[in-house]
Amino acid sequence: PVVSYTNAQASTHQNEISAFGELKPKWDVTVKAQVSGPITSIDPLFESGSLVTSNSVLMHINDSPYLSGKCSAEVVLAEAKLQLLQAKKKTKLAQQDWHRSGINTLPSDLTLFKPQLIIAKKVLNSAKQQLLVAENNLSYTHIKTPFTGIITERMVGLGQQVVEGEPLLRMIDHLNLRLAVSFSEIQWQNLSLNKINTQAKVYSSTGEVVATATIVRGGHLLNSETRQYPLFMELNAIDNISAVSGQFVQVRIPGKLLNKHFKLPESALTRD
């Protein structure tokens, strides 16, 4: 039979370990309503498959009750400020009266109305927190996206009455992707000792480089079912060329430096 031959010399080579996995988003969340009320408007972008940026307003919930709550909280805060001013003034006058009386002993806290002053300060702090809660509830009537991503499902419609805690939409992260791969005992031993923060190229099914991934954790346990070591990687958003969530990819991780080894073509390996 006709055969081919390769001139090979022993030298130092960089080992490389490859594995396959599915790209998944770092965040896959269901956005829920934090206030109750009818939906008054919906943005045209609020559809499944739409790419939306962070803090984009997708819909509005009727905010009339929450505007009223904010106004009431502002009135309570103004009254609390007035009460604190009155309490301070009362304490100051009591101190002046005590000094004019010529009494040599120290006045008690009740004489100087200090307990009333402390209560007035606490009432003011409580009023500030109530206003903050009212402002937050008002802001919750504008449903915003928590990050830049893709809407995978819209669960409500225009005019629908929603309650607190009701799911509104589901979206996945578009920029930050993760990859989980597993290695056998032999593959794991051939990886570099310092695996964390090691970067590796990510290839598509056609063999094209689509992104660069960084090892963030893994190797501290052995899967009891597969008897393999899991390794978790994150794709660098800046170096992400065309990788998308759900894509099946191959990752090639640099391994140990091999001294006095021969490098042969992969086609030389047969089942025998």
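Coordinates for the structure precede this section.
### Side note on the overall build of the protein chain
A count of helices and strands for the protein chain gives three helices and 14 strands. For the protein chain, whose C-alpha radius of gyration is 33 Å, the value lies well above the compact-globule estimate of 19 Å for 272 residues. Taking contacts inside the protein chain between residues at least 6 apart in sequence as the whole, the part at least 24 apart equals 75%. Of the accessible surface of the protein chain, which amounts to about 17700 Å², a share of 54% is contributed by carbon and sulfur atoms. Averaged over its 27 positive side-chain charges, the protein chain has a centre that lies 12 Å from the centre of its 22 negative ones.

### Re the pattern of salt bridges
The tally for this structure, following the rule as stated, stands at four salt bridges. In this structure, Arg-170 and Asp-28 form a salt bridge, with 2.7 Å as the shortest nitrogen-oxygen distance. One end of the pair, Arg-170, is in strand S9 (residues 167-173); the other, Asp-28, is in strand S2 (residues 28-32), with 142 residues separating them in the sequence.

### Brief notes about helix H1 (residues 64-101)
Its 38 residues place the ends of H1 56 Å apart at the C-alpha level, agreeing with the 56 Å of an ideal helix rising 1.5 Å per residue. Taken residue by residue, H1 has Tyr-66, Ala-73, Leu-77, Ala-80, Leu-84, Ala-87, Thr-91, Ala-94 and Trp-98 as its buried positions. Those residues of H1 hidden inside the fold are in contact with helix H2 (114-139). Residue Gly-102 follows H1 closely and has a positive phi angle near 80°.

### Some details on the pairing of strand S12 (residues 209-218)
Most of S12 sits out of view: seven of its ten residues are buried. Pairing geometry for strand S11 (residues 199-203) and S12, over five bridges, is antiparallel. Directly across from Ala-200, in S12, lies its bridge partner Ala-213. The turn linking S11 back onto S12 is made up of five residues, and Gly-207 within it adopts a positive phi angle of 90°.

Scoring rules and cut-offs
Residues numbered from 1 in each chain as written. Predicted model: local features only at pLDDT ≥ 70, side-chain atom pairs only at ≥ 80, totals over all residues. Heavy atoms only, no water. Helix = DSSP H or I, 4+ residues; strand = E, 2+ residues; numbered from the N terminus. Rg over C-alpha atoms; globule rule 2.2 N^0.38 Å. Contact = heavy atoms within 4.5 Å. Areas by Shrake-Rupley, 256 points an atom, 1.4 Å probe, with all protein chains shown as cover. Lys, Arg positive; Asp, Glu negative; His and termini not counted. Charge placed at Lys NZ, Arg CZ, Asp CG, Glu CD. Salt bridge = Lys/Arg side-chain N within 4 Å of Asp/Glu carboxyl O. Expected span 1.5 Å × (residues − 1). Buried < 20%, exposed > 50% of the residue type's maximum accessible area, 1.4 Å probe, protein only. Pairing = 2+ DSSP bridges.

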